[in-house]
Amino acid sequence: MEKTTEYGKPEYFENRELSWIKFDRRVLNEARDKTIPLLERLKFVSITSSNLDEFFMVRVASLKDMLHAGVKKADIAGMDALKQLERVNEDTRELVNLQYSTYNRSLLPLMNQEHIYIIDAYEKLTEEQAAFVDDYFENEVYPVLTPMAVDASRPFPLIRNKSLNIAAVIEYKGTGGLLAHKEQESDDVPDEELLAESGKKEKKEKKSKKSAKPEFATVQVPSGMARLVPVPSKNPEEKVFILLEQVIEKNIEKLFLNYKVLCAYPYRIMRNADFSIDEDEAPDLLKEIQKQLKKRQWGEVIRLEVEDGIDKKLLEFLKEELHIENKQDIFYINGPIDFTFLMKMYGLAGCDHLRYEPHTPQLVPEILPGENIFEAIQKGDILLHHPYQSFGPVIELIRQAASDAQVLAIKMTLYRVSGNSPIIASLAQAAENGKQVTVLVELKARFDEENNIVWAKKLEQAGCHVIYGIVGLKTHSKIALVVRREDEGIRRYVHLGTGNYNDSTAKLYTDCGVLTCSESVGEDATAVFNMLSGYSEPLSWNCLAVAPIWLRKKFLKLIRRETKNAREGKQAYIRAKMNSLCDQEMIEALYEASTAGVQIKLLVRGICCLRTGIKGVSENIQVRSIVGNFLEHSRIFDFCNDGRAEVFMGSADWMPRNLDRRVEIVFPVLDEELKKKVLHILDIEFEDNVKAHILQEDGTYEKIDKRGKVLVNSQEIFSKEAEQAVPRQDKAYKDRVFVPAEPGI
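**What about the overall build of the protein chain?**
When you go through the protein chain residue by residue, the secondary structure sums to 21 helices and 27 strands. Looking at the protein chain as a whole, 55% of its 745 residues are labelled buried. Expressed as a percentage of contacts within the protein chain between residues at least 6 apart in sequence, the contacts between residues at least 24 apart total 76%. Element-wise, carbon and sulfur atoms account for 49% of the exposed surface of the protein chain, whose accessible area totals about 34300 Å².

This is the structure we're talking about:
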């Protein structure tokens, strides 16, 4: 692999996929932390499984595509697709083994201590409980199931991606049923002498023997039914559950009458869900994506999960029908397949002592509930810090704009929105009220494509002008623009953020945003939407940095300025927080800065391809990752600038896709008071010694030794600070809340 600088040696970089597995292991480590409440720990096991599913469907699938295509190119760490797949297989198996040992050896016994039982064998039920479960099967489950036998006339059915299924080996009993009827018809022939003379008697005997040969069948566990089935107990303190697949397994013979079920085992598959679209050749992007979504169900099987101890013949049958040739694609599971059901355990009634107190996002002090939000923004720029502060002001901006007679236009980018989005409802209402509403809906937001297609159609029906962005680029930027006619003339109100316009995830993800009516920002916001809707690229920007053309250059310029200042003996440091860091050019620039003496502190939640502690290269770089109750999602960048700090926030990570293949926006924090608040966020997070993991020289991550230290949990501190910022003397203020717009579509 060609390298451009002395800092480009493969040994200076971590492989992206292996780094991601290390991130998922940090998530799993939260499930292993004995200081965390039990149901919170179960939640992290569920998240680990969900993360791993997406990793296989997208990243592993991509590597397999490269292997099939004969791509030999190595990544920045010098590994080709085959080598990466080998290492990924090793590391994911280790992760899954650790996941199940954590569940079986630690979490299950703790659940039992709390009188919470997940029955793993039908025999462990009492007679009364078994009768209840059998009735539940007869009345609730049986009518929904569709047993699928596999033979010459009934081919193996389509097994849906991520669906849980039960495969069975069945044997005809030789009495009754359609098969017997068919044999009876074949007996309606001339006498035995004639059959013998014609040689048909021997054929009949062979056929009869063949009919008793074991056959195969499969049944899908209904995804629309709760996988955890509550079972009554005489002890009121007990909470007893059995898994739906076990209920079906126990009663599976009722699905195949006249057959004997020799064995039955659950299984699950992952399919390749990574599809690409030639947008230049697609006449209608929306229809093309709808067509590609259907193909996901037919994608190559890249992982098969089976219960440990599965019958060998049954496994061979599944391998043949699912076209699985590589044993690396098979995972033997020692426990329930697919731990995502554990997320349902989190809300168990009567178990408040087993989870953290529910977090309530606080009001933003600068915006009084019921206040005209435009007047509030006119007083000065407002910083929003989610989920510690409410997402309400963003919802309120669009809601008030929809009904404000002075508002002329609303423009927004939407990447991922909630299922019942108040923002969508307000945009539709605005269009019906005669406002000019332009919405860029990113149809290519992975795994949200179907949801976004639905919203795009509904917004169009309401009269909004819906666009799908620039050909070949995802629009990942988070920006909203409201154009309002006021006494002084046209004024533009802008929201810029680091996270999606999703009121649901805003309660779970840490993100930052700014509300402003700055003239320079407003001009840039208009230029952004003109670029998105009409391909009109501005000659220059007032303050925004926009990918894919300008952002990489901006970041490299800022890093190299710190490098130059360090060499000249001036103050120099870099602090940056992001989700992922895997861009080679950015990493090499950081290595050069470190060599020049720039002190670099990085907060990278997930993938980090930079290696620390390399002598003469990265000795001045520290990398940490915070995994806590909330998902760290904000992107913040702080450059010393010889003591005159420049601070930026935005939607972009330091990844090739963000810098080169997406429309991203990074914006400066210009207001000095807001800048202090943002720097305070970084200060606290770099002091975190409870949820932070530090990247070691050998590529592992370790938590900080807290013995003898004052504990600093950044997420808890921000929650308390947000609560303290709400004026306590005004009870009416405290009790009032924003009322989101009623869903209109």
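**Considerations on helix α17 (residues 584-595)**
Between the first and last C-alpha of α17 there are 16 Å, a value that for 12 residues agrees with the 16 Å anticipated at 1.5 Å per step. Burial analysis of α17 places nine of its 12 residues in the buried class, which makes it a mostly covered element. Among the residues of α17, Gln584, Met586, Ile587, Glu588, Ala589, Leu590, Tyr591, Ala593 and Ser594 are the ones counted as buried. Backbone nitrogen of glutamate 585 and a side-chain oxygen of the N-cap are separated by 3.2 Å at the start of α17; the cap is aspartate 583. Positioned one or two residues after α17, glycine 597 has a phi angle of 105°, which is positive.

**Observations concerning the environment of alanine 566**
Here alanine 566 is to be found in helix α16 (residues 551-567). Considered as a pair, alanine 566 and serine 594 are 28 residues apart in the sequence and their alpha carbons are 9.3 Å apart. Apart from residues lying up to four places away in sequence, alanine 566 is in contact with Ala572, Ala596, Gly597 and Val598.

**Describing the packing of aromatic side chains**
Enumeration according to the criterion identifies 21 aromatic pairs in this entry. Where tryptophan 20 meets phenylalanine 23, the ring centres are 6.4 Å apart and the plane angle is 70°; that geometry is what we call edge-to-face. Of this pair, tryptophan 20 and phenylalanine 23 both sit in helix α1 (residues 16-31), three residues apart, roughly one helical turn. Taken individually, tryptophan 20 and phenylalanine 23 each receive the classification buried, so the pair is uniform in this respect. Arranged with centres 6.0 Å apart and planes meeting at 90°, the rings of phenylalanine 55 and phenylalanine 56 form a pair that is edge-to-face. Its relative accessible area of 3% is what places phenylalanine 55 among the buried residues.

**Re empty space enclosed by the protein**
Under the defined criterion, the tally for this structure stands at five cavities of 30 Å³ or more. Considered as a void within the structure, the largest cavity measures approximately 120 Å³ in volume. Contributing to the lining of the largest cavity are 15 residues, with His386, Phe391, Gly499, Asn500 and Asp511 lying nearest its centre. Elements supplying a minimum of two residues to the lining of the largest cavity: β16 (489-497) and β17 (509-516). A total of three residues in the lining of the largest cavity trace back to one element, the largest contributor, which is β17.

**Details of the side chain of asparagine 161**
Looking at where asparagine 161 falls in the secondary structure, it is placed in the loop between β2 (148-150) and β3 (164-172). With a relative accessible area of 17%, asparagine 161 lands in the buried category. For asparagine 161, the side chain forms a polar contact with the main-chain nitrogen of arginine 271, separated by 2.8 Å.

**Notes on the packing of α1 against helix α2 (residues 38-68)**
In the contact formed by α1 and α2, the axes pass within 8 Å of each other and the chain directions differ by 170°. Of the possible angle classes, the one that applies to α1 and α2 is roughly antiparallel. Of the residues in α2, those in contact with Arg16, Glu17, Trp20, Ile21, Phe23, Asp24, Val27, Leu28, Glu30 and Ala31 of α1 are Arg41, Phe44, Val45, Ile47, Thr48, Asn51, Leu52, Phe55, Arg59 and Leu63. Partitioning the contact of α1 with α2 into residue classes produces 12 nonpolar, two polar and six charged.

**Regarding the pattern of salt bridges**
Summed over the entire model, instances satisfying the criterion amount to 43 salt bridges. We note a salt bridge from lysine 677 to glutamate 366, for which the minimum N-O separation is 3.1 Å. Of the two residues, lysine 677 sits in helix α19 (residues 672-687) while glutamate 366 sits in the loop between β9 (330-333) and α11 (373-378), which places them 311 residues apart along the sequence. The residue glutamate 371 makes a salt bridge to lysine 379 at a minimum N-O spacing of 3.3 Å. You can call glutamate 371 buried: its relative accessible area is 15%.

**Looking at a negative patch on the surface**
Taken together, the side chains of Glu619, Glu697, Asp698 and Glu702 make up a negatively charged region of the molecular surface. Structurally, the position occupied by glutamate 619 is in the loop between β20 (599-604) and β21 (621-626). Under the relative-accessibility criterion, glutamate 619 is labelled exposed at 52%.

**Some points on α1**
The end-to-end C-alpha separation of α1 is 24 Å, in line with the 22 Å expected for 16 residues at 1.5 Å each. Judged by how many residues are buried, α1 sits mostly within the fold: 13 of 16 residues are covered. For α1, the N-terminal capping position is held by asparagine 15, with its side-chain oxygen 3.0 Å away from the main-chain nitrogen of glutamate 17.

Scoring rules and cut-offs
- Residues numbered from 1 in each chain as written.
- Predicted model: local features only at pLDDT ≥ 70, side-chain atom pairs only at ≥ 80, totals over all residues.
- Heavy atoms only, no water.
- Helix = DSSP H or I, 4+ residues; strand = E, 2+ residues; numbered from the N terminus.
- Buried < 20%, exposed > 50% of the residue type's maximum accessible area, 1.4 Å probe, protein only.
- Contact = heavy atoms within 4.5 Å.
- Areas by Shrake-Rupley, 256 points an atom, 1.4 Å probe, with all protein chains shown as cover.
- Expected span 1.5 Å × (residues − 1).
- Polar contact = N/O pair within 3.5 Å; in protein donor to acceptor, adjacent residues only side chain to side chain.
- Phe/Tyr/Trp six-rings, centres within 6.5 Å; stacked < 30°, edge-to-face > 60°.
- 1 Å grid on protein atoms, 1.4 Å probe; cavity = no way out; pocket = protein on both sides within 12 Å on 5 of 7 lines; lining within 4 Å.
- Points joined across faces, edges and corners; volume = space filled by probe spheres on them.
- Axes fitted to C-alpha atoms, helices over the stretch in contact; angles between N-to-C directions.
- Parallel < 35°, antiparallel > 145°, perpendicular 65-115°, else oblique.
- Nonpolar A, V, L, I, M, F, W, Y, C, P; charged D, E, K, R; others polar.
- Salt bridge = Lys/Arg side-chain N within 4 Å of Asp/Glu carboxyl O.
- Patch = residues over 30% accessible without salt bridge, like charges linked within 9 Å, V, L, I, M, F, W, Y side chains within 5 Å.
- Lys, Arg positive; Asp, Glu negative; His and termini not counted.
- Charge placed at Lys NZ, Arg CZ, Asp CG, Glu CD.

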